[in-house]
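# Summary of the model geometry
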Amino acid sequence: MSASPSSPRRKDDDRDTPPPLPEPLRVAVADSHTHLDMQSGTVEEALRKAASVGVTTVVQVGCDVKGSRWAAETAAAYENIHAAVALHPNEAPRIVHGDPDGWSRQGARPGGGEAALDEALAEIEALAALGHVKAVGETGLDHFRTGPEGMAAQERSFRAHIEIAKRQGKALVIHDREAHADVLRILREEGAPERTVFHCYSGDAEMARECAAAGYYMSFAGTVTFKNAASLREAVAVAPAELLLVETDAPYLTPAPYRGRPNAPYLIPLTVRAMAAARGIGEDAMATALAANTARAFAY
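Residues numbered from 1 in each chain as written. Predicted model: local features only at pLDDT ≥ 70, side-chain atom pairs only at ≥ 80, totals over all residues. Heavy atoms only, no water.

### Here's the deal with the overall build of the chain
Looking only at helices and strands, the chain has 10 helices and 10 strands in total. Relative to its length of 300 residues, the chain is compact, with a C-alpha radius of gyration of 19 Å against a globular reference of 19 Å. Among the 300 residues that make up the chain, the fraction classed as buried is 53%. Sequence-distant contacts in the chain: of pairs separated by 6 or more residues, those separated by 24 or more amount to 72%. Within the structure as shown, the chain displays about 13,100 Å² of accessible surface, and the carbon and sulfur contribution to it stands at 53%. (Helix = DSSP H or I, 4+ residues; strand = E, 2+ residues; numbered from the N terminus. Rg over C-alpha atoms; globule rule 2.2 N^0.38 Å. Buried < 20%, exposed > 50% of the residue type's maximum accessible area, 1.4 Å probe, protein only. Contact = heavy atoms within 4.5 Å. Areas by Shrake-Rupley, 256 points an atom, 1.4 Å probe, with all protein chains shown as cover.)

### Considering the packing of helix H9 (residues 268-279) against helix H10 (residues 283-298)
The interhelical angle for the contact between H9 and H10, taken along N-to-C directions, is 110°, at an axis separation of 9 Å. With respect to each other, H9 and H10 are oriented roughly perpendicular. In contact with Val272, Arg273, Met275, Ala276 and Arg279 of H9, H10 contributes Glu283, Met286, Ala287 and Leu290. Residues belonging to the contact of H9 with H10 are distributed by class as follows: six nonpolar, no polar and three charged. (Axes fitted to C-alpha atoms, helices over the stretch in contact; angles between N-to-C directions. Parallel < 35°, antiparallel > 145°, perpendicular 65-115°, else oblique. Nonpolar A, V, L, I, M, F, W, Y, C, P; charged D, E, K, R; others polar.)

### Looking at helix H8 (residues 230-238)
Taken as a whole, H8 has its buried residues at Leu232, Ala235 and Val236. Viewed along the axis of H8, the buried residues span an arc of 100°, placing them on a single side of the element. Tucked into the core, H8 has its buried residues touching helix H7 (205-214), strand S9 (217-220), strand S10 (244-246) and H9. (Arc of directions from axis to C-beta.)

### Quick notes on the packing of aromatic side chains
One pass over the full model with this rule turns up two aromatic pairs. Here Phe198 and Tyr216 contribute two aromatic rings whose centre-to-centre distance is 5.7 Å and whose plane-to-plane angle is 35°, an arrangement assigned as tilted. In this pair, Phe198 sits in strand S8 (residues 196-198) while Tyr216 sits in the loop between H7 and S9, placing the two residues 18 residues apart along the sequence. Take Tyr216: its relative accessible area is 7%, and that puts it in the buried class. Here the aromatic rings of Tyr201 and Phe220 are separated by 5.2 Å at their centres, their planes lie at 45°, and the arrangement is tilted. Of the two residues, Tyr201 sits in the loop between S8 and H7 while Phe220 sits in strand S9, which places them 19 residues apart along the sequence. You can call Phe220 buried: its relative accessible area is 0%. Above the face of the Phe144 ring, Arg177 is positioned so that its terminal group lies 3.7 Å from the ring centre. The residue whose ring lies beneath Arg259 is Phe226, and the NZ or CZ to ring-centre distance is 3.8 Å. (Phe/Tyr/Trp six-rings, centres within 6.5 Å; stacked < 30°, edge-to-face > 60°. Lys NZ or Arg CZ within 6 Å of the ring centre and 35° of its normal.)

See the structure below:
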């Protein structure tokens, strides 16, 4: 049979193959946002590979009640893992209205209404009170995946997470997808926690200046390495050095030149080097700032 565009890829083009180890950083940094529970291999393997290239700390982020429990338990078991717990912005509408297609990892489920959301939020707050849980997130707004019918539940959940973070004295980790103006508005209306992090920052330089004025941290993922991401590199260049963080959001958003292949904390050096280039500084100086900023943002 002749080859066609739909033929299987050659083994050497297998997008399931993990990228090779990058050159190690000389100054250790933290991955400020990762999902170890969604990655292949064991936690020990992930930590060992990351440490071998200078990524010595990770923040494990929960996206639903089950994942948040796992994040808290894993952080309790490993000294160099810190936890963030929350209902992802797309999880709240599924709790209220149901998920008949089973899109989330929890599978198909009926809607539980506002009472079910209240119950889930109460569990998130109980987890947020634990000492090894350093943040409430990822929470926020997602206008890309959730339609108008889910916006009320999403916004209610976001506001509740802001209050939980403030009551528990924890950092707030923001998921902001195609919702910049509304996220910033709600933070103004509710009053942001003292430490607020825009995970996988996706705004431009103008928004970076607005975030800087409010004292918000901006965490950059592998997207900053993409060819079409000039606006992100401009944001890195104008943001105050003391408000910058770096992350993988693994297993997603793998940095170039491995875009589309599995991401993991050990690939952080590629993003650190892209950020350093965007600012016109050396990678050691960039890594030193990122390490200090992450420790300060998450109070560890």
